[in-house]
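Okay, here's what each chain looks like letter by letter:
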Amino acid sequence: MSPLTELDGATSEAMARFFAAASACLCVIEADGRFALANPAWETHLGWSAPRLRGVALIDLVHPADRAAMRPLACRAADRSSLVKARVQCADGGWRMMAWRRVGALERGALALSAEPAPSGLAELERLRGLGGFEIDSGAHTLRCTPMGAALLDRPSTASATPLDDALALFPPAARPELASALDDLLCAGAGFDIEAPFLTARGDERRLRLTAAPAENGALGVIEDVTAERARRDHLLRVTTAVERMAAGLMICRASGEIDWVNPAFERLNGLGLAEARARRPEAVLKGADVDALALERIAGALNACEQARVEMLVAGSGWFEIEVHPVRDGAGAIAGFVVLQTDVTEKRDAAARLGAAERAAQLASEQLRSAVEALPDGFVLFDADDRLAVCNARYRRYFPRSGPSIRVGATLEEILRYGLEHGEYAVAPGEAEAWLNNRMSLHRRPESSTEVLTAEGRWLRVVERTMPDGRRVGLRIDITEERTQRRRLEAILEGTGVGVWEADLLTGLSHCNDRYAGMLGHELEDFTPRTREGFEALVHPDDLPLVNRSLADHLAGRTPRIEHEFRMRHRNGGYVWVHSRGKLIERTADGAPWKLSGTHQDITARKRDEEALEEALRRAEQASVAKSRFLANMSHEIRTPLNGVIGMADVLARTALGADQQRMLDAIRESGDQLLSVINDILDVSKIEAGRMEIEETAFHIEELAQKLRSVHGFRAREKALTLTVETAVDAGAWLRGDPHRILQILNNLVSNALKFTEKGAVAVLVEADAAGRLVLTVADSGVGMTEQQVARIFEDFMQADSSTTRRFGGTGLGMSIVRRLVELMNGEVTVQSAPGVGTTVRISLALAPASGLPPAARPDAPRASVAGLRVLAADDNEINRMVLEAMLEELAVDVTIVDGGVAAVHEAGRGDYDALLLDISMPDVDGVAALKRIRAEEKKRGAPPVPAIAVTANALTHQTDLYIAEGFDRCVAKPIRPGDLAGALAATARRPAPG
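The shown structure was predicted, so the numbers you read here are calculated from the model rather than taken from an experiment.

Student: Help me get a handle on empty space enclosed by the protein, residues and values and all.
Tutor: Counted by the stated rule, this structure contains five cavities of 30 Å³ or more. Size it by volume and the largest cavity reaches roughly 160 Å³. Every residue lining the largest cavity is counted, 13 residues in all, and those nearest its centre are Leu143, Ala167, Phe171, Leu183 and Leu211. Among the secondary structure elements, those contributing two or more residues to the lining of the largest cavity are strand E6 (132–137), helix H8 (164–168) and helix H9 (176–189). The dominant element in the lining of the largest cavity, judged by the number of residues it contributes, is H8, at three residues.

Student: Account for the environment of Pro173, naming residues and giving values.
Tutor: Of note, Pro173 is situated in the loop between H8 and H9. Relative accessible area serves as the criterion here: at 59%, Pro173 is assigned to the exposed category.

Student: For the sheet that holds strand E1 (residues 25–29), give the residues involved together with the corresponding values.
Tutor: What the five strands build is an open sheet, ordered E2-E1-E5-E4-E3; its pairing is antiparallel. Strands at the two margins of the open sheet, each flanked by one partner only, are strand E2 (35–38) and strand E3 (83–89). Strand-to-strand twist across the sheet, computed as the mean angle between neighbouring axes with direction ignored, equals 35°. The pairing of E3 with strand E4 (residues 95–105) spans seven bridges and is classified as antiparallel. Residue pairing in the sheet places Val84 in a bridge with Trp100 of E4.

Student: Which residues make up the sheet that holds strand E28 (residues 700–703), and what values go with them?
Tutor: Taking strand neighbours across the sheet as the criterion, the three strands line up as E28-E30-E35 in an open arrangement whose pairing is antiparallel. Two strands in the sheet have a free side with no partner beyond their single neighbour: E28 and strand E35 (851–852). Here E28 pairs with strand E30 (residues 737–740) via four bridges, running antiparallel. Bridging from a neighbouring strand, Phe702 pairs with Leu738 of E30. Across the sheet, helix H25 (residues 704–721) touches E28 and E30, and the angle it forms with E28 is around 60°.

Student: Explain the pairing of E2 residue by residue, including any values.
Tutor: Across three bridges, the pairing between E1 and E2 is antiparallel. Bridging from a neighbouring strand, Val28 pairs with Leu37 of E2. Hairpin connection between E1 and E2: a loop of five residues separates the two successive antiparallel strands, and Gly33 in this loop has a positive phi of roughly 85°.

Student: Let's hear about the nonpolar core: which residues, and what values?
Tutor: Core analysis: the largest hydrophobic core is formed by 40 residues, its most contacted members being Ile745 and Ile846. Broken down by secondary-structure element, the contributors of at least two residues to this core are H25, helix H26 (742–758), strand E31 (764–771), strand E32 (777–783), helix H29 (817–827) and strand E34 (841–848). Not counting residues up to four positions away in its chain, the partners in contact with Ile745 are Phe702, Leu707, Leu779, Met828, Leu848 and Leu850. Counting 24 residues, the second-largest nonpolar core is a separate cluster that includes Met252, Leu297, Met314 and Val341.

Student: So what's going on with the packing of helix H17 (residues 414–423) against helix H18 (residues 434–445)? Which residues, and what values?
Tutor: Two quantities define a packed helix pair, namely the angle between the helix axes and the distance between the axes. Taken N-terminus to C-terminus, the directions of H17 and H18 make an angle of 150°; their axes are 11 Å apart at the nearest point. Judged on the interaxial angle alone, H18 and H17 are roughly antiparallel. The interaxial crossing formed by H17 with H18 has right-handed handedness. Residues Leu414, Glu415, Leu418, Arg419 and Leu422 of H17 form the contact with H18, whose participating residues are Ala434, Glu435, Trp437, Leu438, Arg441, Met442 and His445.

Student: Got a sec to walk through the packing of helix H31 (residues 904–911) against helix H32 (residues 930–944)? Specific residues and values, please.
Tutor: Where H31 meets H32, the axes come as close as 9 Å, and the angle between the chain directions of the two elements is 15°. The orientation of H31 with respect to H32, classified from their angle, is roughly parallel. Considering how the two elements wind past one another, H31 and H32 form a crossing that is right-handed. Note on element contacts: H32 touches H31 through Ala933, Arg936, Ile937 and Arg944, opposite Gly904, Ala907, Val908 and Ala911.

Student: Could you give an account of H26, with specific residues and numbers?
Tutor: The end-to-end C-alpha separation of H26 is 24 Å, in line with the 24 Å expected for 17 residues at 1.5 Å each. Within H26, 14 of the 17 residues are buried, leaving the element largely enclosed by the surrounding structure.

Student: So what's going on with the packing of aromatic side chains? Residues and values would help.
Tutor: Under the counting rule described, the total for this entry stands at seven aromatic pairs. Note on Trp42 and Trp100: the rings are 5.9 Å apart at their centroids and 50° apart in plane angle, and the pair reads as tilted. One end of the pair, Trp42, is in helix H2 (residues 41–46); the other, Trp100, is in strand E4, and 58 residues separate them in sequence. Both residues of the pair, Trp42 and Trp100, belong to the buried class. Grouping aromatic residues by their ring pairs yields a cluster made of Tyr397, Phe401, Tyr427 and Trp437. Between Arg873 and the ring centre of Tyr916, over which it is positioned, the NZ or CZ distance is 5.1 Å.

Student: So what's going on with the pattern of salt bridges? Which residues, and what values?
Tutor: Tallying each qualifying case throughout the model produces 46 salt bridges. A salt bridge links Asp194 to Arg210, with the nearest nitrogen and oxygen atoms 2.5 Å apart. One end of the pair, Asp194, is in strand E9 (residues 193–200); the other, Arg210, is in strand E10 (residues 206–216), with 16 residues separating them in the sequence. For Arg210, a relative accessible area of 31% corresponds to the partly exposed category. The residue Glu538 makes a salt bridge to Arg534 at a minimum N-O spacing of 3.1 Å.

Student: I'd like to hear about the UniProt feature "modified residue: 4-aspartylphosphate" (unreviewed entry) in the chain, residue by residue, with values.
Tutor: Under the local residue numbering, the UniProt record ascribes the feature "modified residue: 4-aspartylphosphate" (unreviewed entry) to Asp922. Among the structural elements, Asp922 can be located in strand E38 (residues 918–922). Among the residues examined, Asp922 registers a relative accessible area of 3% and is labelled buried. Ignoring any residue separated from it by four or fewer positions in sequence, one finds Asp922 in contact with Ala877, Asp878, Asp879, Asp929, Gly930, Val954, Thr955 and Lys977.

The rules behind these values
- Residues numbered from 1 in each chain as written.
- Predicted model: local features only at pLDDT ≥ 70, side-chain atom pairs only at ≥ 80, totals over all residues.
- Heavy atoms only, no water.
- 1 Å grid on protein atoms, 1.4 Å probe; cavity = no way out; pocket = protein on both sides within 12 Å on 5 of 7 lines; lining within 4 Å.
- Points joined across faces, edges and corners; volume = space filled by probe spheres on them.
- Helix = DSSP H or I, 4+ residues; strand = E, 2+ residues; numbered from the N terminus.
- Buried < 20%, exposed > 50% of the residue type's maximum accessible area, 1.4 Å probe, protein only.
- Pairing = 2+ DSSP bridges.
- Axes fitted to C-alpha atoms, helices over the stretch in contact; angles between N-to-C directions.
- Contact = heavy atoms within 4.5 Å.
- Core = buried A, V, L, I, M, F, W, Y, C linked by side-chain atoms within 4.5 Å.
- Parallel < 35°, antiparallel > 145°, perpendicular 65-115°, else oblique.
- Left-handed = near helix turned anticlockwise from the far one by under 90°.
- Expected span 1.5 Å × (residues − 1).
- Phe/Tyr/Trp six-rings, centres within 6.5 Å; stacked < 30°, edge-to-face > 60°.
- Lys NZ or Arg CZ within 6 Å of the ring centre and 35° of its normal.
- Salt bridge = Lys/Arg side-chain N within 4 Å of Asp/Glu carboxyl O.
- UniProt positions renumbered as here; feature names shortened; annotations may be inferred.

Dropping the structure here:
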């Protein structure tokens, strides 16, 4: 049974109500010291509910250090007025100081006790100064705040004790190290602290908190003060003080009596006085000096005495001008509390004002001079503001547009002025074109830079030049170009007589002008092209030519070409096209260097183009004829050489047999006829090659004595046969080697000597090879033959020409020999001259510029022996039976082991069976030609892994481009038909892959 239930009913009920409503912590302790009852205040103050306390020993909740002080309360004889302070453990583990009193003794040894939070000096301090308090329990390492202290730390006022680490976490990280160190010193060394720290509330408000603490019993006591406003005042004062100390103007703080109380460093710098010297003196006394404006000082003193605001400028000789400002300072009641006096150096300001005044006067003068200059301009001048309203124009501008006078007023827009002029007939504009003219004119006006030409109703041509200024204003000139246009028309009239069209293009407007001739060559009237747009011009240009025209223009404008010059087609009014030769040039640029105006001419070259096309057609046909001729000559050469090979070849073979005298004469006739026919063919082919540009002059080392020996051996027999004396002399260094084409030089000499022997019946033929003073090789062939007249000499170098028709009948020949000589000499950059007289003889002199040969190639040595071909195994193929006979006879004569087959197929088959040292393949074989046969043979060799057998083309296709083709197709050498034994032996010796045995 509870001790309270032992009371009478009414008393018991009243006591229960009091027990429950009491704000103090009330409890009933049994005789054994354990809780029997506890009211709700225990949970309010300490966090303990009554059920949790029932049966708990009270002394266990008391701080160990305070238990001794609590024991007297348990004595029944203890005084009820006794007050004991002891810390009690809270439900959260913290400790709270409580003031304990004994209420009374109950039955069976129970006691009634009351406990209230112990009052502290912090609460009183908080009440008196509005400071927040806090208490640190060193044993529990906790912090407990008063309600105001909790509010300053943004904590609930009913919050229980907070661990110190959690309390530190309430501050920004940057402030925590200093606070932690101060707490350690306080709790460990008993050192108090006074710290300002930043603090950020949960709402993001920044505060500055001042925390002051000192050691106390069982921990420490401290206060928290919000010094945010005080810190702001201090910072503001610091900034003001810094600004005052750094300001350039001098500052004097004066008392109400006018004496100086403080001055800033600028004052000391301006006046050379420190604070100690200036204090207690009046400003006018401090500023006073022999070189100071006395009247200004009186005005300063009067302002101080009258407590009025004043501003005075004063001149201090040697220092400059100063502005003194006097500002009275009043207190809350309006009474004078003092003065602030400012001293500012305004010397530069006054100088700047003076300079500005001078500049304004200069600007005014310049403006008047500019206005005079504008009025004196020979051209119309106009200036529009950024809103395109008239600002300034000169009298000449007005004179140029007399009918627009009422609209030319300051503030009028250009569009208003132009529209007024159009309505009153100011401009020469075709009916119905006024609006388009105005739109074009305004479009040009709005460009940053523009130029165009306009015609007034009075017949005056004006060039309108306008440019936008950086501030948006537009300046313009109206230049009278009437005389220039007149002169231009005169020039155009002159050009009209030449049939040349003249044009001029404005690249900014895209418009161009031309003369009557320009329009006429296209079948138009001038009015059709006045003016003409760029698009209109391009529409007339043939689509295929337009890219060329645009590219040529772009190249010239970019500076890549000095002028425009091209040929293109333009559409005529009748629908056809006219060829024009256009020339043009950039003649004017804008002020910023951009291309502006082009001018040029057009010339009708249609007739010339037709002639050129006709000439090209004629050239094309000539080329076709030349190709046909070359094809004919090639075929003729092949068809003649093939049977001729049989004639000459068999004659050569027959000559090596035993013949009678008559048979030998007949054989010589056959051979001579064959040689003459071969010579004719070779001459015709040489002329053909020269005409086609296919004749090539070689450069190789040769010895002139070799040529002389060949001349003697070739022509000696003929000379002896005709009882003529043939001499061949060389006056060149016997050891000298030259670089040139020995084959063509020998051909020239052979032709000359052959002619000389042919046309000489008695006497001699002399050949001299010498070097002249210039080091040129000179060939001279002189005979004592029939000679020629001057007219005959003039014709001998023409193709198929001889002295006269009787010469051909009497001596024979084609008339190509001397023509070939001339052409060969020209190819070698030489000269040929002829001297002749009828009945006296002829002398032909040729000079050639040949360089000395450097070194002597071994192959060119005159004593180099030719390799023997005896014993070589050779496979030969030809589809012509006679040619096979000739070839077999020649090869057997050379002691060559020969296998001859009929046609290309047989050659391919046989080449795969035998081991041959060389191949002789005819080119024109009907089944498989020589080129194709060689390719098949090479393919078979590649399959077998065998080395390629050297191949020689034996062909009647002896033209240079043909033999070059065969070499390119894989042949090592070419032997032309008719086959000469020496040529055949030389080709075999040069190409066979192994020397003949023995």
